[in-house]
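# Notes for the structure review
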Amino acid sequence: MSQRSRTSARINSRANFRLSILGTAALVAGSISAFSSHSLAQPRPRGADELRIATAAAADAPNLPDGPVKRTWESIGQNYKDPEWFRDAKLGIMMHWGLYSVPAHGSEWYVRHMYGNPGFAKWHIEKYGALDKFGYKDFIPLFTADKYNPDEWAELFKKTGAKYVVPSAEHHDGWANWDSDITEFCATKMGPKRDLIGDMAIAVRKQGLKFGVSNHRLNHYDFINPAPNVDTDLNDPKYDDFYWVANHSDERYQKFLADWVARAVEQIDKYQVDMLWFDIGGESRNTDPVFLKVAAHYYNRAKEWNKEVAISAKGNAFPAGMIVDYERQGRAPVELTEYVWQADDPIGNKFGYVEGMELTTPSAVVWRLVENTSKNGNLLLNISPKADGTIPKEQQDIMLAVGKWMDINGDGIYGSRPWKKYGEGPAADAAAEQAAKNRAAGIAGRTNGRPTGGDVITGGGVPRAGYTPQDIRFTTKGNTLYAFAMTWPGDQMVIKSLAAGQPMDGAIAKVELLGHATPLEFTQDANGLNVKLPAQKPGDYVYTLRITGLQLDTGNIPQ
């Protein structure tokens, strides 16, 4: 994922690295040679220099036709509307799948750490050989995806209850999973020798799901930062356009930005993607010229296709025409928002597949989904396929359990909109206190990139100590109110927000429990709406009441 989110994983001392790695050579004889000519990669330009270079890059090829959407944030904002399909979907599937899935070690940041982290380098050398003899490029032939069956994947996604799918077109490592006319380092020309993205697009759409791609390429330019004086394959001129390490002149950076535009345009035009997801945060406006070129082209093409599409990114990378994404549930809002958003969150403790990775539970996924939905957000669940093109059974089991829950409770999720309040109970009270602290500390809003939780709740409002029978979340669909019991309340559920005497239009006519055959008995008094529950639970994790008869006041939340 983004470099900002994993700073703790970076090395603190290049000097210490060299001492450590040269010590490793004693264990792995002849595997490393010291070369004084090898230096650290230079970072990208910043400030006025970056803006100047980005402006020049935007003027480079490809030459794109003009359309009604101009290359200004004002025009993009005037022509953009959050897609209804996204607002209705609530659950999407993302994935990290690429060359890093071959070693399946450490994380999807393997390429960065194998050249600059002593532990990774030692592991790599002992398993594959010296860094100048077996570099990251040498994983390409091993990334076979020989068991990849996109139709089976798409069926699994649908059974999970997802409504849109966002596979990784390119991660930080510079490898392209699609059929590219721009780079030879792509899946149709090397490795799998097939269009992994194109095949998935066909299969996913066959299941009636929306299809997007994730694009992390902007991080690639200075992502590989090798330790000094260590011999590697990074300076081999045959791989300059794969590694982007040897030459970091202004001209080279301009070429990189122009290439970034071309790749994004190729993904847009070849696959008519419903969502273009970028791993960029928008800390400055220096790269606006290339961002604007891509965004205007995308929204102009969408008008030609007559379909609703969206860019999703972090922070305010695109000040207009963007659905904000929060990396990991820990950064998700803890309160109801007036804007739509999504949290991309992994099914395990890593985004890319690694051997022995720890997995979450179906209940945790459902809790996050309900919390996000109640607060005007979506959950983009990241899965981690293996290099051979299989999705591990343990991950599939979690996905299918979530799908089973959605089969029963999806009526309160799909197509829903927030109520005037997202929930009640101890966790909601703790979230309100935490939200006030967050705002005071500047940890709130669309541009937040920091954890939003505290001692009592985690990001998104999930309580650290578990839910109580009093913890309830709400959604609406027209004049139907859904109340989610975040744990089984027992023989009775009490909803304080619906107590007699509360200002509300209409009268509660019927209360149903999704998954239960008959309406439930209820009374309404000063304590709340008191609902008698059946002895048998209809499923697991979270339980949904459907309440009809009220004329709902939706407040200021967009409907």
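These numbers were taken from a predicted model, which means no experiment stands behind them.

## Topic: the pattern of salt bridges
Tallied over the full model, the rule gives 36 salt bridges. A salt bridge links Asp397 to Lys393; the shortest N-O distance between them is 2.9 Å. Placement of both Asp397 and Lys393 in helix 13 (residues 393–409) is noted, with a separation of four residues, approximately one turn of the helix. Where Asp411 meets Arg546, a salt bridge forms, and the shortest distance between an N and an O atom there is 2.8 Å. Taken together, the positions of Asp411 in the loop between helix 13 and strand 10 (423–424) and Arg546 in strand 17 (residues 543–551) put the pair 135 residues apart, joining distant regions of the chain. The structure contains a network of salt bridges with shared partners spanning Lys81, Glu84, Asp88 and Arg417.

## Quick look at the side chain of Glu50
Positionally, Glu50 belongs in helix 2 (residues 47–59). Side chain to side chain, Glu50 and Asn286 meet in a polar contact 3.3 Å long. Excluding residues within four positions of it along the chain, Glu50 makes contact with Arg44, Pro45, Tyr253, Ser284, Asn286 and Thr287.

## Examining helix 7 (residues 150–160)
In an α-helix, one turn spans 3.6 residues, which is why side chains three or four residues apart end up on the same side. Among the residues of helix 7, those classed as buried are Pro150, Trp153, Ala154, Leu156, Phe157 and Thr160. Along helix 7, the residues classed as buried sweep out an arc of 160° about the axis, all on the same side. For helix 7, the N-terminal capping position is held by Asn149, with its side-chain oxygen 3.1 Å away from the main-chain nitrogen of Asp151. Positive backbone phi, at 100°, marks Gly161, one or two positions downstream of helix 7.

## Side note on the nonpolar core
Core analysis: the largest hydrophobic core is formed by 136 residues, its most contacted members being Tyr136, Phe157, Phe278 and Phe318. Apart from residues lying up to four places away in sequence, Phe318 is in contact with Trp73, Phe278, Ile280, Arg285, Phe291, Ala295, Ile311 and Ala313.

## What to know about the sheet that holds strand 10
An order of 10-11-12-17-14 is seen for the five strands of this open sheet, with the pairing classed as antiparallel. What marks the edges here is a single partner per strand, and that holds for strand 10 and strand 14 (505–513). As defined by bridge partners, strand 14 adjoins strand 17 across six bridges and the pair is classed as antiparallel. Each residue of the ladder has a partner; that of Asp505, found in strand 17, is Gln551.

## Some thoughts on the pairing of strand 7 (residues 322–327)
Burial runs high along strand 7: six of the six residues are buried. The side-chain alternation of strand 7 yields two buried faces, one formed by Met322, Val324 and Tyr326 and the other by Ile323, Asp325 and Glu327. Strand direction decides the pairing type here: strand 6 (residues 310–313) and strand 7, joined by three bridges, are parallel. Across the sheet, the residue bridging to Ala313 is Val324, located in strand 7. In the sheet, strand 7 pairs with strand 8 (residues 341–346) via four bridges, with the strands oriented parallel. Of the residues in strand 8, the one forming a bridge with Glu327 is Asp344.

Analysis parameters
Residues numbered from 1 in each chain as written. Predicted model: local features only at pLDDT ≥ 70, side-chain atom pairs only at ≥ 80, totals over all residues. Heavy atoms only, no water. Salt bridge = Lys/Arg side-chain N within 4 Å of Asp/Glu carboxyl O. Helix = DSSP H or I, 4+ residues; strand = E, 2+ residues; numbered from the N terminus. Polar contact = N/O pair within 3.5 Å; in protein donor to acceptor, adjacent residues only side chain to side chain. Contact = heavy atoms within 4.5 Å. Buried < 20%, exposed > 50% of the residue type's maximum accessible area, 1.4 Å probe, protein only. Arc of directions from axis to C-beta. Core = buried A, V, L, I, M, F, W, Y, C linked by side-chain atoms within 4.5 Å. Pairing = 2+ DSSP bridges.

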